[in-house]
Amino acid sequence: MTRRRPKHKEWPIVVALDESWSESKIWTKRLKGKVWGFKVGSILFSEMGPKVVQKLKAEGFRIFLDLKYHDIPNTVAGAVRQAFDLGADLVTLHSSGGRAMCEAAAKLQNSKQSVLAVTVLTSFDEKDLKDLGIDRSLPKQVESLASLAIKSGVHGLVCSPLEVANLRKKFPKAILVTPGIRLEANGTQDQKRTSGLQDTFLNGASLAVVGRALTGEKNWKAAWEKINSSLEEIF
Ligand code: C5P
């Protein structure tokens, strides 16, 4: 996939609104027209409920609804249907929910709304996998879950920046979304498989999720500047 300079300097990043609604509103105002869209996860959804998606859509924002569904196929399909009806552009499920679950969700996609399958959380390392009784290496586990999900028909995958190059080779047309982005000066917090923005795009990511690397910084303007200059170099 070739990297194209985004229109109107709208960077292919999704800002994670993992804060209260009052904080989130500040971020959407600051970044309107500058990023692909915003990620609503379980923190904001638990505070605000589904109306948060409608509110943000009404303001013209693209929404990545990251509720990581994992249930029986009928339940997940019902939830994905509701999420798409609300207007979510991207919704997530855990690929470890299995083929039937992924297929049931994939059938609901259309040309504007896609399901993304989470492979292995970016907060996991090999030891965390072993603790779950999984003896495969982490890259192998990511690859096997990714294959299952793509064969089931989902349009895209969520993976760490460290696996994106391999997945891009294997799935040239998939939407690949990478959380776990850190700028040079950031700590990694609870994330274990992280990388910088340039690497993730040079390795084939379609969209990168930026959370605390921006929203957790005291000097957010300096962090935003860093993001801009690093993206200017490659787009
Ligand atoms: O603040 P930080 O950049 O670590 O936020 C990453 C965001 O991406 C969080 O909202 C987290 O829930 C989400 N995410 C992730 N790893 C995945 C899928 C989603 O960190 N595999």
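So, here's what we can say about the structure.

1. As for the site of the ligand
Around the ligand, the structure places 14 residues, and the nearest of them are Asp18, Lys39, Thr122, Arg182 and Arg212. At 2.8 Å, a side-chain N or O of Arg182 approaches an oxygen atom of the ligand. Note that an oxygen atom of the ligand is positioned 3.3 Å from one of the backbone N or O atoms of Gly211. Look at the ligand: alone it shows 460 Å² of surface, and the protein chains cover 88% of it. Residues of the shell around the ligand, tallied by class, amount to five nonpolar, three polar and six charged.

2. Focus on the nonpolar core
Formed by 66 residues in total, the largest nonpolar core has its most connected members in Ile13 and Leu65. If we ignore the near neighbours within four places in the chain, the residues touching Ile13 are Val35, Trp36, Gly37, Leu197, Phe201, Leu207, Ala208, Val210, Trp224, Ile227 and Leu231. Counting 11 residues, the second-largest nonpolar core is a separate cluster that includes Val14, Trp36, Val118 and Val209.

3. Some words on the environment of Leu67
Looking at where Leu67 falls in the secondary structure, it is placed in strand β3 (residues 63-69). In this structure, the C-alpha to C-alpha distance between Leu67 and Ser42, residues 25 residues apart in sequence, is 5.7 Å. The contacts of Leu67, once residues within four sequence positions are left out, are Gly41, Ser42, Phe45 and Thr92.

4. Thoughts on unusual backbone geometry
Even without being a glycine, Lys68 presents a positive backbone phi close to 45°. Inspection of the secondary structure puts Lys68 in strand β3. On the accessibility criterion, Lys68 (29% relative accessible area) is partly exposed. Although it is not a glycine, Gln189 sits at a positive phi angle of roughly 50°.

5. With respect to the pattern of salt bridges
For the structure on display, the rule yields nine salt bridges. Among the ionic pairs, Lys192 bridges to Asp128, the shortest N-O distance being 2.7 Å. A residue pair is termed long-range when its members are at least 10 positions apart, and Lys192 in the loop between β7 (175-178) and α9 (197-202) and Asp128 in helix α6 (residues 126-131) qualify at 64 residues. A residue is classified by how much of its surface remains accessible, and Lys192, at 44% relative accessible area, is partly exposed. The shortest N-O distance in the salt bridge between Glu143 and Lys170 comes to 3.4 Å. Remark: Lys170 occurs in helix α8 (residues 164-170) and Glu143 occurs in helix α7 (residues 138-151); sequence separation between them is 27 residues.

6. Quick notes on the sheet that holds strand β2 (residues 35-41)
By definition, the strands of a sheet pair up through backbone hydrogen bonds, in either a parallel or an antiparallel sense. One closed barrel holds the eight strands; their spatial order is β1-β2-β3-β4-β5-β6-β7-β8, and the pairing between them is parallel. Sheet twist, expressed as the mean angle between neighbouring strand axes with direction ignored, is 25°. Packed on one face of the sheet, helix α11 (residues 220-234) meets β1 (11-16), β2 and β8 (207-210) and runs near 150° to β1.

7. Considering the packing of aromatic side chains
One pass over the structure, following the stated rule, counts four aromatic pairs. On the basis of an interplanar angle of 40° and a centroid distance of 6.1 Å, the ring pair of Trp11 and Phe235 is categorised as tilted. Note that Trp11 is positioned in strand β1 and Phe235 in the segment after α11, a separation of 224 residues in sequence. Phe235 carries the same exposure label as Trp11, and that label is buried. Geometrically, the ring pair formed by Trp27 and Trp220 is edge-to-face, given 5.5 Å between the ring centres and 80° between the ring planes. Of this pair, Trp27 sits in helix α1 (residues 21-31) while Trp220 sits in helix α11, and the two are 193 residues apart along the sequence. By relative accessible area, which is 2% here, Trp27 ends up buried.

Cut-offs used in this document
- Residues numbered from 1 in each chain as written.
- Predicted model: local features only at pLDDT ≥ 70, side-chain atom pairs only at ≥ 80, totals over all residues.
- Heavy atoms only, no water.
- Near = heavy atom within 4 Å.
- Polar contact = N/O pair within 3.5 Å; in protein donor to acceptor, adjacent residues only side chain to side chain.
- Areas by Shrake-Rupley, 256 points an atom, 1.4 Å probe, with all protein chains shown as cover.
- Nonpolar A, V, L, I, M, F, W, Y, C, P; charged D, E, K, R; others polar.
- Core = buried A, V, L, I, M, F, W, Y, C linked by side-chain atoms within 4.5 Å.
- Buried < 20%, exposed > 50% of the residue type's maximum accessible area, 1.4 Å probe, protein only.
- Contact = heavy atoms within 4.5 Å.
- Helix = DSSP H or I, 4+ residues; strand = E, 2+ residues; numbered from the N terminus.
- Salt bridge = Lys/Arg side-chain N within 4 Å of Asp/Glu carboxyl O.
- Pairing = 2+ DSSP bridges.
- Axes fitted to C-alpha atoms, helices over the stretch in contact; angles between N-to-C directions.
- Phe/Tyr/Trp six-rings, centres within 6.5 Å; stacked < 30°, edge-to-face > 60°.

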